[in-house]
Amino acid sequence: MPVTGGWLVRLGVDLRGVYEPVPGRPLAWSVVWGAAGRAERGGELEVTGEAFELRAALVWDAGTGTLRWRITRGRIGLGSWVAALAGRPEWSAQLAGLSAEGDLVVRGEGTWAGGEPTGRLDVEWREGALRHAGQGWSLEGVNLRAGGDVRGWLAGNVPGSLSVGTITTTRFGARKLSVDAALAGFGRLEIKAARVEIAGGEVEAEPFFVRLAEPVVDTTLTMRRVGLQDLVVFVPTALAEARGRIDGTLRLEWSRAEGLKVGAGELKLEKSEPTVIKLVSSPGFLTRSVPARFVLAPRWFGPFKRWFSPANPGYRTLSEIETGRLALRVESLEARLSPDGDARGRSATVVVRARPELAGGAVGEIIFEVNVSGPLASVLRAGLQRDFSLQAK
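If you're wondering where the values come from, they're calculated on a predicted model, not measured in any experiment.

Conventions adopted
Residues numbered from 1 in each chain as written. Predicted model: local features only at pLDDT ≥ 70, side-chain atom pairs only at ≥ 80, totals over all residues. Heavy atoms only, no water. Helix = DSSP H or I, 4+ residues; strand = E, 2+ residues; numbered from the N terminus. Buried < 20%, exposed > 50% of the residue type's maximum accessible area, 1.4 Å probe, protein only. Contact = heavy atoms within 4.5 Å. Areas by Shrake-Rupley, 256 points an atom, 1.4 Å probe, with all protein chains shown as cover. Polar contact = N/O pair within 3.5 Å; in protein donor to acceptor, adjacent residues only side chain to side chain. Salt bridge = Lys/Arg side-chain N within 4 Å of Asp/Glu carboxyl O. Pairing = 2+ DSSP bridges. Phe/Tyr/Trp six-rings, centres within 6.5 Å; stacked < 30°, edge-to-face > 60°. Lys NZ or Arg CZ within 6 Å of the ring centre and 35° of its normal. pLDDT = per-residue confidence, 0-100. Patch = residues over 30% accessible without salt bridge, like charges linked within 9 Å, V, L, I, M, F, W, Y side chains within 5 Å.

### Notes on the overall build of the chain
Here comes step 1: Scanning the chain from terminus to terminus reveals six helices and 23 strands.
Here comes step 2: For the chain, the proportion of its 393 residues judged to be buried stands at 39%.
Here comes step 3: Restricting to contacts in the chain with at least 6 residues of sequence separation, those with at least 24 account for 46%.
Here comes step 4: Just so you have it, the chain exposes about 21,800 Å², and 57% of that area is on carbon and sulfur atoms.

Printed below as a string of C-alpha coordinates:
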(Lines give C-alpha, C1' and ligand atoms only; values in the text may rest on other atoms or scores of the structure.)
Protein backbone atom coordinates (compact mmCIF):
# COMPACT_ATOMS: atom_id res chain seq x y z
CA MET A 1 0.00 0.00 0.00
CA PRO A 2 1.54 3.32 -0.98
CA VAL A 3 2.05 6.12 1.49
CA THR A 4 -1.03 8.28 2.02
CA GLY A 5 -0.57 11.41 -0.06
CA GLY A 6 1.93 9.65 -2.34
CA TRP A 7 0.67 11.69 -5.26
CA LEU A 8 2.38 14.71 -3.72
CA VAL A 9 5.89 13.28 -3.98
CA ARG A 10 5.35 12.41 -7.67
CA LEU A 11 5.31 16.11 -8.44
CA GLY A 12 7.97 18.79 -8.35
CA VAL A 13 7.06 20.62 -5.13
CA ASP A 14 8.21 23.78 -3.38
CA LEU A 15 5.84 24.58 -0.48
CA ARG A 16 6.60 27.29 2.08
CA GLY A 17 4.87 28.94 5.01
CA VAL A 18 5.15 30.32 8.54
CA TYR A 19 3.93 28.69 11.75
CA GLU A 20 3.82 30.53 15.10
CA PRO A 21 3.60 28.01 17.98
CA VAL A 22 4.39 30.76 20.53
CA PRO A 23 3.32 34.36 19.85
CA GLY A 24 6.34 36.35 18.76
CA ARG A 25 8.31 33.21 17.81
CA PRO A 26 7.50 32.46 14.13
CA LEU A 27 8.94 29.36 12.49
CA ALA A 28 9.43 29.27 8.73
CA TRP A 29 8.82 25.87 7.12
CA SER A 30 9.35 24.46 3.65
CA VAL A 31 8.96 21.16 1.79
CA VAL A 32 10.94 20.77 -1.45
CA TRP A 33 10.90 17.85 -3.96
CA GLY A 34 12.87 17.31 -7.14
CA ALA A 35 11.38 16.96 -10.62
CA ALA A 36 9.31 13.92 -11.58
CA GLY A 37 10.45 11.05 -13.77
CA ARG A 38 12.53 8.84 -11.48
CA ALA A 39 11.53 5.79 -9.44
CA GLU A 40 13.39 7.10 -6.39
CA ARG A 41 13.28 10.81 -5.72
CA GLY A 42 14.58 13.03 -2.94
CA GLY A 43 13.32 16.03 -1.02
CA GLU A 44 13.85 18.02 2.15
CA LEU A 45 11.74 19.25 5.06
CA GLU A 46 13.03 22.37 6.83
CA VAL A 47 11.75 24.32 9.84
CA THR A 48 13.82 27.29 11.07
CA GLY A 49 13.44 30.23 13.43
CA GLU A 50 15.07 31.92 16.39
CA ALA A 51 17.06 29.25 18.29
CA PHE A 52 15.30 26.55 16.26
CA GLU A 53 16.56 24.47 13.34
CA LEU A 54 15.18 21.21 12.01
CA ARG A 55 16.11 19.65 8.67
CA ALA A 56 15.18 16.21 7.40
CA ALA A 57 16.21 14.46 4.17
CA LEU A 58 13.34 12.62 2.47
CA VAL A 59 13.51 9.83 -0.15
CA TRP A 60 10.46 8.48 -1.93
CA ASP A 61 10.61 4.97 -3.43
CA ALA A 62 7.78 4.82 -5.96
CA GLY A 63 8.22 1.08 -6.47
CA THR A 64 7.55 0.13 -2.82
CA GLY A 65 5.52 3.13 -1.80
CA THR A 66 7.98 3.84 1.01
CA LEU A 67 9.08 7.21 2.31
CA ARG A 68 12.46 7.18 4.03
CA TRP A 69 13.38 10.06 6.35
CA ARG A 70 16.51 11.07 8.21
CA ILE A 71 17.07 14.11 10.41
CA THR A 72 20.22 15.85 9.20
CA ARG A 73 20.05 18.78 11.57
CA GLY A 74 18.01 19.21 14.75
CA ARG A 75 18.74 21.89 17.33
CA ILE A 76 16.58 23.85 19.79
CA GLY A 77 18.10 26.55 22.02
CA LEU A 78 16.44 25.86 25.36
CA GLY A 79 17.40 29.16 26.96
CA SER A 80 15.60 31.16 24.31
CA TRP A 81 12.50 28.98 24.28
CA VAL A 82 12.17 28.72 28.07
CA ALA A 83 12.23 32.51 28.21
CA ALA A 84 9.60 32.72 25.47
CA LEU A 85 7.30 30.22 27.17
CA ALA A 86 7.75 31.96 30.55
CA GLY A 87 6.14 35.02 29.00
CA ARG A 88 2.95 33.13 28.23
CA PRO A 89 0.16 33.40 30.86
CA GLU A 90 -0.46 29.64 30.85
CA TRP A 91 3.20 28.92 31.63
CA SER A 92 4.28 31.94 33.67
CA ALA A 93 3.49 30.40 37.06
CA GLN A 94 5.72 27.38 36.35
CA LEU A 95 8.54 29.07 34.43
CA ALA A 96 8.81 32.62 35.79
CA GLY A 97 12.35 33.22 37.04
CA LEU A 98 13.67 30.06 35.39
CA SER A 99 16.60 30.18 32.97
CA ALA A 100 18.21 27.42 30.92
CA GLU A 101 21.41 26.93 28.96
CA GLY A 102 22.32 24.48 26.23
CA ASP A 103 20.79 22.98 23.13
CA LEU A 104 18.31 20.17 22.70
CA VAL A 105 19.68 18.01 19.89
CA VAL A 106 17.30 15.85 17.82
CA ARG A 107 18.38 12.81 15.81
CA GLY A 108 16.50 10.08 14.04
CA GLU A 109 15.72 8.13 10.91
CA GLY A 110 13.13 5.69 9.71
CA THR A 111 10.45 4.96 7.14
CA TRP A 112 6.76 5.48 6.53
CA ALA A 113 5.03 2.79 4.50
CA GLY A 114 1.48 1.51 4.43
CA GLY A 115 0.46 4.13 6.95
CA GLU A 116 2.90 2.68 9.53
CA PRO A 117 5.98 4.51 10.86
CA THR A 118 9.20 2.72 11.73
CA GLY A 119 12.57 3.92 12.93
CA ARG A 120 14.10 5.64 15.91
CA LEU A 121 13.96 9.17 17.32
CA ASP A 122 16.33 10.51 20.01
CA VAL A 123 16.57 13.84 21.82
CA GLU A 124 19.52 14.90 23.96
CA TRP A 125 20.37 17.88 26.16
CA ARG A 126 24.13 17.91 26.70
CA GLU A 127 26.05 19.76 29.43
CA GLY A 128 23.20 22.15 30.02
CA ALA A 129 22.21 24.23 33.04
CA LEU A 130 18.97 25.16 34.77
CA ARG A 131 18.76 28.00 37.29
CA HIS A 132 16.16 29.85 39.31
CA ALA A 133 17.49 33.14 40.64
CA GLY A 134 14.44 33.89 42.77
CA GLN A 135 14.45 30.53 44.53
CA GLY A 136 18.23 30.36 44.71
CA TRP A 137 18.89 26.96 43.14
CA SER A 138 20.80 25.75 40.12
CA LEU A 139 21.54 22.54 38.22
CA GLU A 140 24.85 22.43 36.37
CA GLY A 141 26.17 19.81 33.98
CA VAL A 142 22.72 18.58 32.99
CA ASN A 143 22.55 15.67 30.53
CA LEU A 144 19.11 14.49 29.47
CA ARG A 145 18.56 11.68 26.99
CA ALA A 146 15.27 10.30 25.74
CA GLY A 147 14.65 8.11 22.76
CA GLY A 148 13.32 4.95 21.29
CA ASP A 149 11.15 3.45 18.62
CA VAL A 150 9.02 5.96 16.72
CA ARG A 151 5.87 3.99 17.49
CA GLY A 152 6.73 4.27 21.18
CA TRP A 153 6.89 8.04 20.85
CA LEU A 154 3.47 8.12 19.20
CA ALA A 155 2.05 6.05 22.07
CA GLY A 156 3.79 8.14 24.73
CA ASN A 157 6.12 5.36 25.84
CA VAL A 158 9.64 6.78 25.89
CA PRO A 159 12.62 5.65 28.01
CA GLY A 160 15.14 8.22 29.18
CA SER A 161 17.86 9.13 31.63
CA LEU A 162 18.98 12.25 33.46
CA SER A 163 22.29 13.13 35.06
CA VAL A 164 23.28 16.35 36.85
CA GLY A 165 26.85 17.23 37.78
CA THR A 166 26.15 19.63 40.65
CA ILE A 167 23.03 20.80 42.48
CA THR A 168 23.19 24.03 44.48
CA THR A 169 20.47 25.40 46.78
CA THR A 170 20.36 28.02 49.52
CA ARG A 171 20.48 25.20 52.10
CA PHE A 172 22.64 22.40 50.74
CA GLY A 173 24.55 21.10 47.76
CA ALA A 174 24.65 17.75 46.01
CA ARG A 175 26.40 16.16 43.06
CA LYS A 176 26.23 13.29 40.61
CA LEU A 177 22.46 12.94 40.42
CA SER A 178 21.44 10.10 38.11
CA VAL A 179 17.90 9.06 37.19
CA ASP A 180 16.73 6.21 34.98
CA ALA A 181 13.11 6.78 33.97
CA ALA A 182 10.47 6.17 31.32
CA LEU A 183 7.37 8.00 30.14
CA ALA A 184 4.38 5.67 30.05
CA GLY A 185 1.33 6.52 27.95
CA PHE A 186 1.93 10.30 28.12
CA GLY A 187 0.40 10.42 31.61
CA ARG A 188 2.85 8.67 33.91
CA LEU A 189 6.58 8.97 34.60
CA GLU A 190 8.16 5.82 36.00
CA ILE A 191 11.37 6.33 38.00
CA LYS A 192 13.24 3.04 37.84
CA ALA A 193 16.37 4.17 39.69
CA ALA A 194 17.59 7.42 41.24
CA ARG A 195 20.66 8.23 43.29
CA VAL A 196 22.60 11.33 44.35
CA GLU A 197 25.73 12.12 46.31
CA ILE A 198 25.05 14.50 49.19
CA ALA A 199 27.20 15.58 52.12
CA GLY A 200 29.91 13.10 51.14
CA GLY A 201 27.50 10.18 51.19
CA GLU A 202 24.90 8.64 48.92
CA VAL A 203 21.11 8.70 48.85
CA GLU A 204 19.22 6.20 46.70
CA ALA A 205 15.48 6.09 46.03
CA GLU A 206 13.36 3.01 45.60
CA PRO A 207 11.47 2.85 42.28
CA PHE A 208 8.33 4.99 42.16
CA PHE A 209 6.04 6.67 39.63
CA VAL A 210 4.51 10.11 39.18
CA ARG A 211 1.21 10.88 37.47
CA LEU A 212 1.87 14.00 35.40
CA ALA A 213 -1.66 15.39 35.65
CA GLU A 214 -1.50 15.40 39.46
CA PRO A 215 2.11 14.92 40.58
CA VAL A 216 2.61 12.99 43.81
CA VAL A 217 5.92 11.49 44.96
CA ASP A 218 6.01 8.60 47.42
CA THR A 219 9.28 6.73 47.82
CA THR A 220 11.72 5.38 50.38
CA LEU A 221 15.24 6.77 50.54
CA THR A 222 18.27 4.76 51.62
CA MET A 223 21.10 6.86 53.04
CA ARG A 224 24.70 5.71 53.29
CA ARG A 225 27.43 7.71 55.05
CA VAL A 226 25.59 11.02 54.71
CA GLY A 227 27.46 13.82 56.49
CA LEU A 228 25.71 15.41 59.44
CA GLN A 229 27.29 18.79 58.74
CA ASP A 230 24.99 19.38 55.77
CA LEU A 231 21.89 18.08 57.56
CA VAL A 232 22.12 20.70 60.32
CA VAL A 233 20.14 23.09 58.09
CA PHE A 234 17.09 20.84 58.41
CA VAL A 235 17.04 21.05 62.23
CA PRO A 236 18.16 24.65 62.85
CA THR A 237 16.36 24.86 66.19
CA ALA A 238 18.24 21.83 67.51
CA LEU A 239 21.79 21.67 66.20
CA ALA A 240 24.24 24.50 65.70
CA GLU A 241 27.01 22.25 64.41
CA ALA A 242 27.56 18.58 63.64
CA ARG A 243 30.28 16.34 62.27
CA GLY A 244 30.02 12.67 61.45
CA ARG A 245 27.96 10.40 59.22
CA ILE A 246 24.68 8.53 59.35
CA ASP A 247 23.06 5.56 57.63
CA GLY A 248 19.38 4.78 57.43
CA THR A 249 16.10 4.77 55.56
CA LEU A 250 13.48 7.46 55.26
CA ARG A 251 10.14 7.63 53.52
CA LEU A 252 9.53 10.83 51.56
CA GLU A 253 6.24 12.15 50.20
CA TRP A 254 5.49 15.25 48.17
CA SER A 255 2.44 16.79 46.55
CA ARG A 256 1.48 20.26 45.39
CA ALA A 257 -1.29 20.44 47.97
CA GLU A 258 0.68 19.33 51.04
CA GLY A 259 4.29 19.97 50.06
CA LEU A 260 7.10 17.83 51.46
CA LYS A 261 6.28 15.26 54.15
CA VAL A 262 8.68 12.99 56.02
CA GLY A 263 7.46 9.44 56.61
CA ALA A 264 8.63 6.44 58.58
CA GLY A 265 12.32 5.77 58.89
CA GLU A 266 15.30 4.85 61.02
CA LEU A 267 18.67 6.60 61.27
CA LYS A 268 21.86 5.42 62.94
CA LEU A 269 25.44 6.60 63.21
CA GLU A 270 27.97 5.36 60.72
CA LYS A 271 31.01 4.76 62.92
CA SER A 272 33.91 5.07 60.48
CA GLU A 273 34.70 8.51 61.89
CA PRO A 274 33.96 10.45 65.12
CA THR A 275 30.60 12.15 65.50
CA VAL A 276 30.46 15.51 67.28
CA ILE A 277 27.41 17.73 67.79
CA LYS A 278 26.92 21.15 69.30
CA LEU A 279 23.43 22.14 70.44
CA VAL A 280 21.64 25.38 69.69
CA SER A 281 21.52 27.39 72.89
CA SER A 282 18.53 26.08 74.88
CA PRO A 283 18.95 27.07 78.54
CA GLY A 284 17.31 24.54 80.80
CA PHE A 285 17.23 21.72 78.28
CA LEU A 286 19.61 19.61 80.40
CA THR A 287 19.78 21.56 83.67
CA ARG A 288 16.10 22.05 84.43
CA SER A 289 15.94 18.62 86.08
CA VAL A 290 19.39 18.84 87.68
CA PRO A 291 20.03 20.88 90.89
CA ALA A 292 22.75 23.50 90.82
CA ARG A 293 23.57 22.62 94.45
CA PHE A 294 22.98 19.61 96.65
CA VAL A 295 20.95 20.74 99.67
CA LEU A 296 22.07 18.72 102.71
CA ALA A 297 20.88 21.00 105.54
CA PRO A 298 17.29 21.70 106.69
CA ARG A 299 15.62 25.06 106.10
CA TRP A 300 15.93 26.20 109.67
CA PHE A 301 19.72 26.44 109.21
CA GLY A 302 18.91 29.78 107.57
CA PRO A 303 21.88 31.61 106.05
CA PHE A 304 24.19 28.81 107.21
CA LYS A 305 22.39 26.35 104.97
CA ARG A 306 24.69 27.24 102.05
CA TRP A 307 27.66 25.84 103.98
CA PHE A 308 25.96 22.44 103.80
CA SER A 309 24.85 22.80 100.13
CA PRO A 310 27.87 21.97 97.96
CA ALA A 311 27.74 22.93 94.28
CA ASN A 312 26.83 20.19 91.81
CA PRO A 313 30.09 19.73 89.87
CA GLY A 314 28.23 18.57 86.78
CA TYR A 315 25.80 21.49 86.59
CA ARG A 316 28.24 23.86 84.89
CA THR A 317 29.22 21.25 82.32
CA LEU A 318 25.58 20.54 81.49
CA SER A 319 24.91 24.26 81.23
CA GLU A 320 27.77 24.68 78.75
CA ILE A 321 26.44 21.79 76.67
CA GLU A 322 22.83 23.03 76.53
CA THR A 323 23.92 26.56 75.58
CA GLY A 324 26.18 25.33 72.78
CA ARG A 325 29.48 26.28 74.39
CA LEU A 326 30.66 22.68 74.80
CA ALA A 327 30.35 20.05 72.09
CA LEU A 328 29.32 16.43 72.60
CA ARG A 329 31.18 13.45 71.18
CA VAL A 330 28.36 11.10 70.23
CA GLU A 331 28.81 7.40 70.90
CA SER A 332 25.43 6.34 69.54
CA LEU A 333 22.41 7.99 67.97
CA GLU A 334 19.18 6.25 67.00
CA ALA A 335 16.22 8.01 65.44
CA ARG A 336 12.90 6.34 64.75
CA LEU A 337 10.23 8.17 62.74
CA SER A 338 6.62 6.96 62.94
CA PRO A 339 4.21 9.32 61.15
CA ASP A 340 1.16 7.39 62.41
CA GLY A 341 2.50 7.34 65.96
CA ASP A 342 4.01 4.49 67.97
CA ALA A 343 2.45 2.71 70.97
CA ARG A 344 2.98 5.87 73.05
CA GLY A 345 1.70 8.24 70.38
CA ARG A 346 5.17 9.53 69.45
CA SER A 347 5.83 10.45 65.82
CA ALA A 348 9.58 10.67 66.37
CA THR A 349 12.02 9.45 68.98
CA VAL A 350 15.72 10.28 69.08
CA VAL A 351 18.04 8.66 71.63
CA VAL A 352 21.53 10.11 71.96
CA ARG A 353 24.38 8.66 74.02
CA ALA A 354 27.32 11.05 74.22
CA ARG A 355 30.17 12.48 76.30
CA PRO A 356 31.48 16.03 76.63
CA GLU A 357 34.16 16.57 74.01
CA LEU A 358 36.58 17.76 76.71
CA ALA A 359 37.11 14.70 78.89
CA GLY A 360 38.02 14.73 82.56
CA GLY A 361 35.11 16.83 83.84
CA ALA A 362 32.44 16.01 86.36
CA VAL A 363 30.09 14.68 83.70
CA GLY A 364 30.95 11.46 81.93
CA GLU A 365 28.27 9.94 79.74
CA ILE A 366 24.99 11.70 78.93
CA ILE A 367 21.97 9.85 77.59
CA PHE A 368 18.98 11.89 76.49
CA GLU A 369 15.83 11.05 74.60
CA VAL A 370 13.87 13.54 72.54
CA ASN A 371 10.23 12.71 71.84
CA VAL A 372 8.02 14.49 69.34
CA SER A 373 4.26 14.08 69.17
CA GLY A 374 1.94 15.34 66.48
CA PRO A 375 2.60 15.72 62.73
CA LEU A 376 5.97 14.34 61.74
CA ALA A 377 6.73 17.49 59.77
CA SER A 378 7.27 19.19 63.12
CA VAL A 379 10.39 17.07 63.63
CA LEU A 380 12.26 19.41 61.30
CA ARG A 381 11.47 22.45 63.42
CA ALA A 382 10.87 20.98 66.88
CA GLY A 383 14.45 21.29 68.08
CA LEU A 384 15.35 19.86 71.43
CA GLN A 385 12.66 21.69 73.37
CA ARG A 386 10.16 18.86 73.64
CA ASP A 387 9.60 16.33 76.42
CA PHE A 388 12.80 14.43 77.21
CA SER A 389 14.41 12.14 79.73
CA LEU A 390 17.99 12.60 80.87
CA GLN A 391 20.64 10.45 82.46
CA ALA A 392 24.11 11.75 83.31
CA LYS A 393 26.93 9.53 84.54
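### Here we look at helix 5 (residues 315–322)
Here comes step 1: Within helix 5, the full set of buried residues consists of Thr317, Leu318, Ser319, Ile321 and Glu322.
Here comes step 2: Downstream of helix 5 by one or two residues, Gly324 has phi in the positive range, about 80°.

### Here we look at the side chain of Glu270
Here comes step 1: Looking at where Glu270 falls in the secondary structure, it is placed in strand 18 (residues 259–270).
Here comes step 2: On the basis of relative accessible area, Glu270 is assigned to the buried category, the value being 15%.
Here comes step 3: Polar contacts involving the side chain of Glu270 include one to the side chain of Ser272, which spans 2.5 Å.
Here comes step 4: Glu270 has contacts with Arg225, Arg245, Ile246 and Asp247, leaving out every residue within four places of it along the chain.

### Remarks on the pattern of salt bridges
Side chains bearing opposite charge may pair, as long as their charged atoms lie close to each other.
Here comes step 1: Inspection of every chain in the model, using the stated rule, returns 28 salt bridges.
Here comes step 2: Where Asp218 meets Arg251, a salt bridge forms, and the shortest distance between an N and an O atom there is 2.8 Å. On the criterion of sequence distance, the pair formed by Asp218 in strand 15 (residues 216–227) and Arg251 in strand 17 (residues 245–255) is long-range, its members being 33 residues apart.
Here comes step 3: Exposure remark for Asp218: the relative accessible area of 38% places this residue in the partly exposed category.

### Side note on unusual backbone geometry
Here comes step 1: Phi is positive for Ala51, which is not a glycine, with a value near 55°.
Here comes step 2: Looking at the secondary structure, you find Ala51 in the loop between strand 3 (40–49) and strand 4 (52–61).
Here comes step 3: For Ala51, a relative accessible area of 18% translates into the label buried.

### Section: the pairing of strand 1 (residues 14–22)
The two faces of a sheet get side chains in turn, since along a regular strand they alternate between them.
Here comes step 1: Sheet analysis places strand 1 next to strand 2 (residues 25–33), joined by seven bridges and oriented antiparallel. Bridge assignment links Asp14 to a residue of strand 2, and that residue is Val32.
Here comes step 2: Turn length for the strand 1-strand 2 hairpin, with the two strands adjacent in sequence and antiparallel, is two residues, and the turn residue Gly24 shows positive phi of about 90°.

### Overview of the packing of aromatic side chains
Here comes step 1: All chains considered together, the criterion is met by one aromatic pair.
Here comes step 2: Considering the side-chain rings of Phe52 and Trp81, the 6.0 Å spacing of their centres and the 65° angle between planes classify their relative orientation as edge-to-face. Within this pair, whereas Phe52 is found in strand 4, its partner Trp81 is found in helix 2 (residues 78–86), the two being separated by 29 residues in sequence.
Here comes step 3: Given a relative accessible area of 17%, Phe52 falls into the buried group.
Here comes step 4: The buried category is assigned to Trp81, whose relative accessible area is 10%.
Here comes step 5: Sitting above the plane of the Phe209 ring, Arg188 keeps its charged end 3.8 Å from the centroid.

### So, the confidence of the model for the chain
Here comes step 1: Mean pLDDT over the chain works out to 82, with 81% of the residues at or above the 70 mark.
Here comes step 2: A low-confidence stretch, residues 376–393 stays under pLDDT 50, and its non-local contacts, those more than four residues away or across chains, total 57 contacts.

### Side note on a nonpolar patch on the surface
Here comes step 1: A cluster of nonpolar side chains, Leu15, Tyr19 and Trp29, forms an exposed patch at the surface whose accessible area comes to about 300 Å².
Here comes step 2: Structurally, the position occupied by Tyr19 is in strand 1.

### Focus: the environment of Pro21
Here comes step 1: Take Pro21: it is sitting in strand 1.
Here comes step 2: Looking at Pro21, the relative accessible area reads 37%, which means it is partly exposed.

### Some thoughts on the side chain of Thr219
Here comes step 1: By the secondary structure assignment, Thr219 is in strand 15.
Here comes step 2: Side-chain polar atoms of Thr219 contact the backbone oxygen of Glu206, separated by 2.9 Å.
Here comes step 3: In this structure, Thr219 is in contact with Ala205, Glu206, Phe208, Leu250, Arg251 and Leu252, ignoring residues within four places of it in sequence.

### Quick look at the pairing of strand 12 (residues 188–198)
Here comes step 1: Of the strand pairs in this sheet, strand 11 (residues 173–184) and strand 12 are connected by nine bridges, and their pairing is antiparallel. Looking at strand 12, one finds that Asp180 is bridged to Ala193.
Here comes step 2: Remark: three residues form the turn of the hairpin made by strand 11 and strand 12, two consecutive strands paired antiparallel; Gly185 in that turn has positive phi of roughly 60°.
Here comes step 3: As judged from the four bridges shared by strand 12 and strand 14 (residues 208–211), these two strands associate in the antiparallel manner.

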